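Residue strings, one per chain:
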Amino acid sequence: MQALSPKIRPLGKSALLVSPIAWGMWRFAGQPPAHAQALIEAALAVGITLFDTADIYGVDGPGFGSAEALLGEVLRAAPQLRARMVLATKGGIVPGVPYDSSADYLERALDASLERLGLDQVDLWQIHRPDLLAHPAEVAAALERMVASGKARAIGVSNFTPAQTAALQAHLPFALASTQPEFSALHTQPLWNGLIDQAMERDLAVLAWSPLGGGRIGRGGDALSALLDAKAAASGVSRTAAAYAWIMAHPARPIPIVGSQSPERIAEAAGAFAVQWTRAEWYALLEASTGEKLP
């Protein structure tokens, strides 16, 4: 089984060292614990060390918190796995509200996540979506206490605009480590809305969720898929590996979050490092995505 390359690197300005590809647990809940453990081990086997979950994952299946609870069950059965993982989780989405980033809620959300995971600390904790009714100073105070207490080693944001990230950072005594936008060859807004520019300016790790466009990249039948297939064939990898490589070719070094729940498809991610996009090829794919010629 091919391992990921190049080696681990810092997550933004934090002390965390992570793999250049992550594995996500959006569809992790509801699986037998033995299969869940096999998925984690499949990711570790190819060199993935960054694991992304959230308290909301599983809400449309077994229930709120169920993905974290399943991970906690796996870690209790195989505690040796924890030392090999950089574990990220998120909070702030409340079904029916829908967002709450009040200081009291965020701290309770982290405590609840730790209880489900059976841990005293997570490596990265992120606000899942911005709460427009929470002042960034209040949010920052809660995040500062999370780090000071040792319950979270680093802090990031998810689905924040660049302005929202800047407003929060202005009230924090430490640097945010990460920003987690939707980003793929089919969803290129972070290239145009300032988010990736801000990430390069502030040295924020970009954690790209839905890097296969919600699975649409795998369906084929269009100009973008044809370009991906040609590049994949020339590189001897799968179309999905070529799609991950396109994301990773950007100088911000985005980290795609692989969402597959198949050990074989997780292993395919390692093929991304066999792909070298030329400038002309990279821009051709961007044009196929937007449907517009660049000036």
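Small disclaimer: the values here were computed from a predicted structure and weren't measured.

1. Points about the environment of Thr165
Thinking step 1. Relative to the assigned elements, Thr165 resides in helix H5 (residues 162–169).
Thinking step 2. Sequence spacing of Thr165 and Ala245 is 80 residues, and the spatial spacing of their C-alpha atoms is 26 Å.
Thinking step 3. Contacts of Thr165, omitting those with residues within four sequence positions, involve Val157, Phe160, Leu176, Gln198 and Leu204.

2. A few points about the pattern of salt bridges
Thinking step 1. Counting across every chain of the model gives 11 salt bridges.
Thinking step 2. Salt-bridge contacts for Glu107 lead to Arg145; the nearest nitrogen and oxygen are separated by 2.9 Å. Placement of Glu107 in helix H3 (residues 103–117) and of Arg145 in helix H4 (residues 136–148) is noted, with a sequence separation of 38 residues between them.
Thinking step 3. Classification of Glu107 as partly exposed rests on a relative accessible area of 24%.
Thinking step 4. Where salt bridges share partners, they join Arg82, Asp123 and Arg153 into one cluster.

3. Quick notes on the sheet that holds strand S9 (residues 205–208)
Thinking step 1. Within the closed barrel, the eight strands sit side by side as S3-S4-S5-S6-S7-S8-S9-S10. Their pairing is parallel. Each adjacent strand pair in this sheet contributes to an overall mean axis angle of 30°, direction not counted.
Thinking step 2. The strands touched by H4 within the sheet are strand S6 (122–127) and strand S7 (152–158), with S7 carrying the most contacts at an inclination of about 150°.

Procedures and definitions
- Residues numbered from 1 in each chain as written.
- Predicted model: local features only at pLDDT ≥ 70, side-chain atom pairs only at ≥ 80, totals over all residues.
- Heavy atoms only, no water.
- Helix = DSSP H or I, 4+ residues; strand = E, 2+ residues; numbered from the N terminus.
- Contact = heavy atoms within 4.5 Å.
- Salt bridge = Lys/Arg side-chain N within 4 Å of Asp/Glu carboxyl O.
- Buried < 20%, exposed > 50% of the residue type's maximum accessible area, 1.4 Å probe, protein only.
- Pairing = 2+ DSSP bridges.
- Axes fitted to C-alpha atoms, helices over the stretch in contact; angles between N-to-C directions.

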